[in-house]
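Residue-level structure breakdown
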Amino acid sequence: QVQLVESGGGLVQAGGSLRLSCAASGRTFSSYAMAWFRQAPGQERDFVANSWSGGTTRYGSSVKGRFTISRDNAKNTLYLQMNSLKPEDTAVYYCAVGEIYSGNYYDRRLYEHWGQGTQVTVSS
């Protein structure tokens, strides 16, 4: 079984920073893509960023240049460093894992394992 647990969410003022963590346990998944998605109330769950074990990363256009995804394969932990936060970044942030090797990495329907999410609130 693969279990994902997000942490690090909270309340921060606009322009501030926050670092999210996703701790994974269970089956080995080092070859899988790991990703962050987010979902604001009444909206769809949108792609934020993902990472492969080889070092390749991808970012959604709304966060590129502000967020940095990283991965520690030895610890089975995924991170999301969020800088220059904006009120529109407010959402529940979810960690996900999927057997995705190329295109459509941004499609939430292709990810097989999900955490419960952690709330990020950015005040103006």
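Right above here is the structure, for reference.
Okay, so let's go over this structure.

**Comments concerning the state of the cysteines**
In the structure shown here, the tally under the stated rule is 1 disulfide. Disulfide partner of Cys22: Cys95, at an S-S distance of 2.0 Å. Taking the torsion about the S-S bond as the criterion, the Cys22 to Cys95 disulfide, at about -75°, is left-handed. Remark: Cys95 occurs in strand S9 (residues 91–98) and Cys22 occurs in strand S3 (residues 18–26); sequence separation between them is 73 residues. Each member of the pair, Cys22 as well as Cys95, carries the same accessibility label: buried.

**Observations regarding the pairing of strand S7 (residues 67–72)**
Burial along S7 is one-sided: Phe67, Ile69 and Arg71 are buried, while Thr68, Ser70 and Asp72, pointing the other way, are not. One ladder, built from 6 bridges, connects S7 with strand S8 (residues 77–82); its direction is antiparallel. Bridge pairing in S8 places Ile69 opposite Leu80.

What counts and what doesn't
Residues numbered from 1 in each chain as written. Predicted model: local features only at pLDDT ≥ 70, side-chain atom pairs only at ≥ 80, totals over all residues. Heavy atoms only, no water. Disulfide = S-S within 2.5 Å. Helix = DSSP H or I, 4+ residues; strand = E, 2+ residues; numbered from the N terminus. Buried < 20%, exposed > 50% of the residue type's maximum accessible area, 1.4 Å probe, protein only. Pairing = 2+ DSSP bridges.

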